[in-house]
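Commentary on secondary and tertiary structure
Here is how the chains run, residue by residue.
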Amino acid sequence: MTRALQLVYSHRIKAFALLLAVVAGYVVTQLPTLQKDGRVEAFMHENDPALDTYYAMRREFGQDNRVVVAVTSDQVFSTEFLTKFSRMHRELADNVPYVSEIFSPYNIPFIEHEDGGVYLEELVRNLLVRGRDPVELQDRILSTPLYRNFIISADGTTAAVVIEPYRYAPGAADCVPDPATGLTCPVVFTPLEDRALLGAPQYAEMTAAAREIAARYEGEGFDIHIAGAPVLSTEIIKMMEGDMPRFTLACVIVTVLSMLMLHRSILIAFGAFLSFVTAIFSTLATVAATGVAMTPPTQLLIPMTLVVGLCTYIHFTATLLKVRSTIKDGRTVIAEALKRANTPIVFTALTTAGGLMGLAAAPLAPISALGLFGAVSVALSYGLAMIWATLVFRTLPERYLDRQTSAPGHVAAVMAKGATLAARHPRRTLGAACAMLIAASAGILQLSYSHNSLLWLPTGNDARQSTEFIDNTFEGTVNLELVITPTEGTDFRDETLLKTVEATARGSYDAVDIPIGRHTSIISFVEETNQAIHDGDPAELRLPEQEAIWDQILLLEGQGIDDMKRYVSMDYGSGRVSFQTPWLEATKYTDVIETIETRFATALGSSAEVEATGLIALLAVTSAKVLDSMTISYTLALLLVTAMMVLALRSVGLGMVSMVPNVVPFALLLGLMGYLRIPLDTFTVLIGGIITGLIVDDTLHLFHGVRKRLDAGQEMEHAITETMSDIGRALFTTTVVVMAGFAVFTLSSMNNIQSFGLLMACGAFIALVSEVFVGPAVLSLYARVHARDRAPRAPLANADVPA
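Reading guide: rules and limits
- Sequence order sets the numbering: in each chain, residues are counted from 1 along the sequence as written.
- Only residues with pLDDT of at least 70 get local features here, since the model is predicted, and only at 80 or more are side-chain atom pairs given and counted; chain-wide, interface and lining totals rely on the full set of residues.
- Working from all heavy atoms in the structure, the side-chain values ignore hydrogens and water.
- On a scale of 0 to 100, pLDDT captures the predictor's confidence in every residue.
- Whether two residues are in contact is decided by their heavy atoms: any pair within 4.5 Å suffices.
- When DSSP finds two or more bridges between a pair of strands, those strands are recorded as paired.
- Comment: elements are numbered from the N terminus, with helices defined as DSSP H or I runs of at least four residues and strands as E runs of at least two.
- Between N-to-C directions, angles cover 0 to 180 degrees, with each direction set by a line fitted to C-alpha atoms, over the stretch in contact for helices.
- Residue types Ala, Val, Leu, Ile, Met, Phe, Trp, Tyr and Cys, when buried and joined through side-chain atoms within 4.5 Å, form a set referred to as a nonpolar core.
- Each residue is placed in one exposure class: buried if its accessible area under a 1.4 Å probe, protein chains only, is under 20% of its type's maximum, exposed if it is over 50%, and partly exposed if it falls in between.
- Between N or O atoms, a polar contact is any pair within 3.5 Å; within protein, one atom must be a potential hydrogen donor and the other a potential acceptor, and residues adjacent in sequence are included only when both atoms are from side chains.
- Ring geometry is summarised as follows: Phe, Tyr and Trp rings, the Trp one being its six-membered ring, pair when their centres sit within 6.5 Å, and such pairs are stacked at plane angles under 30 degrees, edge-to-face over 60 and tilted between the two.
- Multiplying one less than the number of residues by 1.5 Å gives the expected span of a helix.
- Within this analysis, patches are made of residues with over 30% relative accessible area and no salt bridge. Like charges are joined at 9 Å or less; nonpolar side chains (Val, Leu, Ile, Met, Phe, Trp, Tyr) at 5 Å or less.
- Calculation of accessible area relied on Shrake-Rupley with a 1.4 Å probe; when residues are assessed, cover is drawn exclusively from the protein chains displayed.
- Salt bridges are counted wherever a side-chain nitrogen of Lys or Arg sits within 4 Å of a carboxyl oxygen of Asp or Glu.
- In this scheme the handedness of a crossing depends on how the near helix is turned from the far one: anticlockwise by less than a right angle means left-handed, clockwise means right-handed.
- In this classification, Asp, Glu, Lys and Arg are treated as charged, Ala, Val, Leu, Ile, Met, Phe, Trp, Tyr, Cys and Pro as nonpolar, and every other residue, Gly included, as polar.

Moving on: the confidence of the model for the protein chain. The share of residues in the protein chain with pLDDT of 70 or more is 94%, and the mean pLDDT across the chain is 85. In the predicted structure, residues 796-803 sits below a pLDDT of 50 and forms 0 contacts with residues beyond four places in sequence or in another chain.

Below you can see the structure in the form of structure tokens.
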């Protein structure tokens, strides 16, 4: 490193040009491909069994991610309303991309028995063509299970257009034949598992088109709400796209202002700016190059890069200027500054990376990605900060360098007094810390965990309000899917099996403590057909005997009801039962899924296999893995950081002791979260791993400085005072940078990111207090215990001598 930085120092113009060319070339070629993803699926690893099951269900039966366009009016069953509604339906069908199926009162199948035959009609379309009064069919429509809480609310005041997207994203080789021009398409077989499923970019296009069309129809007596998982994920991505530039700009301002306040030099501030900008864009370009999509949690890379890079830049620049006060030759200054500061800076980077790498093993994909790319960011920030600090040092005018002094400033002096006080009274200091930890433990016991991406959005957000409205009106916007595979030589047309499935599904409504809007399966279509055959008799809305079941399914197939085929496999070897539920806190789904799945497994016994999947199953799995992520990532982070501290300090005892001032702030912060009723979610669960990796920066500089002075023969108290005088200003500045860096999250549009930013800022302040008081107290007590253990024992008195 010494040779490399001396080379940079000697050839600053070439080094500057080469560095900018390499970074710019890398960023320009990779960054434009950066993807963003706010879907529920994005929180799962690609090889997660729950995700594999979900995708298998989508490939077999179709999408459960739907866009719902709901229209409220006092006159839903009027010709005027339904005429306007039908125009909107047709426009949505024609102009929203990637539409596989679209359902509404306009086109939903209406099975009717007339003159001894069964007729299949499109409900409102044929009603309007025949000139019939919609009120005539109001009771029939509202009493039909296939319609209720799907395309019409139970109270009849809201009609909905339900858009089901494609299963697969369009491929580059896809071809549509055109007989008019003679265009033909080659036959290309692509296994379904190799087809890319429809994803976030396509959802965004669908949502934008639906909103644009709906806006043209919005008006008095035609109140429109648009919701669904694609809409919610698109809204999250939209907020990310607005937040990321805002975060980056705020971090740039923090960088420049902190450097101007600390060093009163535009050049040093400009170097810090370049250090941050090149590091963050290189990190994001690396994310893009790997094909990993940015998710809400991975936005944390921006302030993390700022904090890690700026802390390195501050410590190295401060050391360069301090050495320059006594040594005039630039190359010698570089060598001496590296001799003094590079070891703690390198091990700071390694321990920070270790804390972040603890996140890499997390069961949630965004947290794992944050850990991996956070480590990449640390490596880039270290190298770039050292180079930019050297280039700036080479460019600073002589008159500025000559003004530098090694004397501590006022801030460092105050911090040194606090550290000295703690070192003189270690038991009292640690006693106070223990009392705070005991108080915090009561808050920790109140911690809960959650995952509800709907609550990330502000209360006034249109997507959130629409989702809540449709959830209240239709009792659901997401589905629990049960895939039932018959055994024992039967299929999903068996009378006994179907009746057991239907009875169990109906009984599940009262067995769970959340509302279920409806359940749908092939049984719903057979029951509706059976009622139509019996002249609409409500008592015949039931499953008939086996022979009639076969006949009616054959009749439905002949009439071309494609909607039915979305609930059964092509060979009737498996079937799907969909339960519609509201978008709720994910932890509530865990018991619901277990209850319903157990009920079906018990009722069906060995006659069928039952597997739960769907969006709410993924939400439940994600919620459960929040705690798993906390346990795994925190354990790994502490082990890795402790190992690095032992290695850096060359002492097992000091390395272990050094973790005390790192753990105390984290424990206090968890207690604060408990008292404030802030749950552990996919953001706040990251606090421990991140803050441990960042706090260790200051701890390492303190303990490393004390260790060097102890090796030089100083007493512990004197070593602590001198070390804090030496690094106090840098510690204070890095804390301010950490607080300001994470405070930029208060600018976010998302509620949970705002909370995370405030907690991290509080954690940084608590960490500074811990470094000034707990760190010196622990060191002092460690020295006393160590000295007592090594002190020679007095010889025992001779037993024969009388007392």
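Another aspect to go through is the sheet that holds strand S6 (residues 223-227). By way of backbone hydrogen bonds, the strands of a sheet pair with one another, either parallel or antiparallel. Across the sheet, 4 strands lie side by side as S2-S5-S1-S6; this open sheet has antiparallel pairing. Strands with a single pairing partner mark the edges of an open sheet, and in this sheet they are strand S2 (99-103) and S6. When strand polarity is set aside, the average angle formed by the axes of neighbouring strands in this sheet is 15°. Note: strand S1 (residues 67-72) against S6, 5 bridges, orientation antiparallel. In the sheet register, Ala 70 faces S6, and the bridge partner there is His 225. Contacts from helix H7 (residues 200-217) reach S2, strand S5 (158-165) and S6, with the element oriented near 175° to S6.

The next point concerns the nonpolar core. Of all hydrophobic cores here, the largest spans 215 residues; its most connected members are Met 88, Phe 600, Ile 690 and Phe 756. Of all the elements, helix H12 (residues 365-395) adds the most residues to this core, at 15 residues. Not counting chain neighbours up to four residues away, the residues in contact with Phe 600 comprise Leu 482, Ile 484, Val 501, Thr 504, Ala 505, Ser 508, Phe 579, Gly 605 and Val 610. Listed in part, the 32 residues of the second largest apolar core include Met 415, Ile 720, Val 774 and Ala 777.

A few words on the side chain of Ser 578. Tracing the backbone through its elements, the reader meets Ser 578 in strand S9 (residues 575-581). One polar contact links Ser 578 to Arg 576, side chain to side chain, over a distance of 3.2 Å. With sequence-adjacent residues up to four places away left out, Ser 578 is seen in contact with Asn 479, Leu 480, Glu 481, Arg 518, His 519, Thr 520 and Tyr 567.

Moving on to the environment of Pro 109. Assignment of secondary structure puts Pro 109 in strand S3 (residues 109-114). Given a relative accessible area of 22%, Pro 109 falls into the partly exposed group. Spatially, the C-alpha atom of Pro 109 lies 9.6 Å from that of Val 124, the residues being 15 residues apart in sequence.

Another aspect to go through is the pairing of S1. Burial runs high along S1: 5 of the 6 residues are buried. Both S1 and S5 contribute to a ladder of 6 bridges, which runs antiparallel. Residue pairing across strands places Thr 72 opposite Thr 158, the latter belonging to S5.

A word on the packing of aromatic side chains. Inspection of every chain in the model, using the stated rule, returns 15 aromatic pairs. Relative to Tyr 55, the ring of Tyr 54 has its centre 5.9 Å away and its plane inclined at 40°; by these criteria the two rings are tilted. We note that Tyr 54, like Tyr 55, is buried. Through pairs of rings, three or more aromatic residues link up here, namely Phe 247, Phe 742, Phe 745 and Phe 756.

Taking 1.5 Å as the rise per residue, helix H18 (residues 522-533) with 12 residues should run 16 Å; its terminal C-alpha atoms sit 17 Å apart, in good agreement. With 11 of 12 residues buried, H18 lies mostly within the body of the structure. Three or more residues of H18 are buried, namely Ile 522, Ile 523, Ser 524, Phe 525, Val 526, Glu 527, Glu 528, Thr 529, Asn 530, Gln 531 and Ala 532. After H18 finishes, the residue Asp 535 shows a positive phi value of roughly 55°.

This brings us to the sheet that holds strand S7 (residues 478-486). The strand order across the open sheet built from 4 strands is S8-S9-S7-S10, with neighbouring strands paired in antiparallel fashion. Strands at the two margins of the open sheet, each flanked by one partner only, are strand S8 (518-520) and strand S10 (608-613). With strand direction ignored, the average angle separating the axes of adjacent strands in the sheet is 20°. Contacting S7, S8, S9 and S10, helix H17 (residues 495-507) crosses the sheet at an angle of about 165° to S8.

Moving on to a nonpolar patch on the surface. There is a patch of nonpolar side chains on the surface, built from Met 357, Leu 372, Ile 632, Leu 636, Leu 639 and Leu 640 and spanning about 460 Å² of accessible area. Among the elements that take part in the nonpolar patch, helix H21 (residues 615-649) stands out by supplying 4 residues, more than any other.

Once that is clear, we can look at the pattern of salt bridges. Overall, the coordinates contain 25 salt bridges when judged by the stated rule. Put simply, Arg 566 and Glu 164 hold a salt bridge, and the shortest N to O gap is 2.5 Å. In this pair, Arg 566 is assigned in the loop between helix H19 (546-559) and S9 and Glu 164 in strand S5, connecting sequence segments 402 residues apart. Across the pair, exposure class does not vary: Arg 566 and Glu 164 are buried alike. Notably, a salt bridge pairs Glu 717 with Arg 424, separated by 2.7 Å at the nearest N-O pair. Here Arg 424 lies in helix H14 (residues 410-424) and Glu 717 lies in helix H25 (residues 716-743), a separation of 293 residues in the sequence. Among the charged side chains, a network of salt bridges with common partners joins Asp 37, Arg 39, Glu 41 and Arg 58.

Let's shift gears to unusual backbone geometry. Even without glycine at this site, Asn 149 takes up a positive phi of about 60°. Locating Asn 149 in the fold gives a position in the loop between helix H6 (138-142) and S5. Since its relative accessible area comes to 5%, Asn 149 is described here as buried.

Remark: helix H2 (residues 12-30) packs on helix H9 (residues 266-290), axes separated minimally by 8 Å, with the N-to-C direction vectors making an angle of 35°. Where H2 crosses over H9, the two elements pack in a sense that is left-handed. Side by side, H2 and H9 meet where Phe 16, Val 23, Tyr 26, Val 27 and Gln 30 of the first sit next to Leu 274, Thr 278, Phe 281, Ser 282, Ala 285, Thr 286, Ala 288 and Ala 289 of the second. For the contact of H2 with H9, the residue count by class is 9 nonpolar, 4 polar and no charged.

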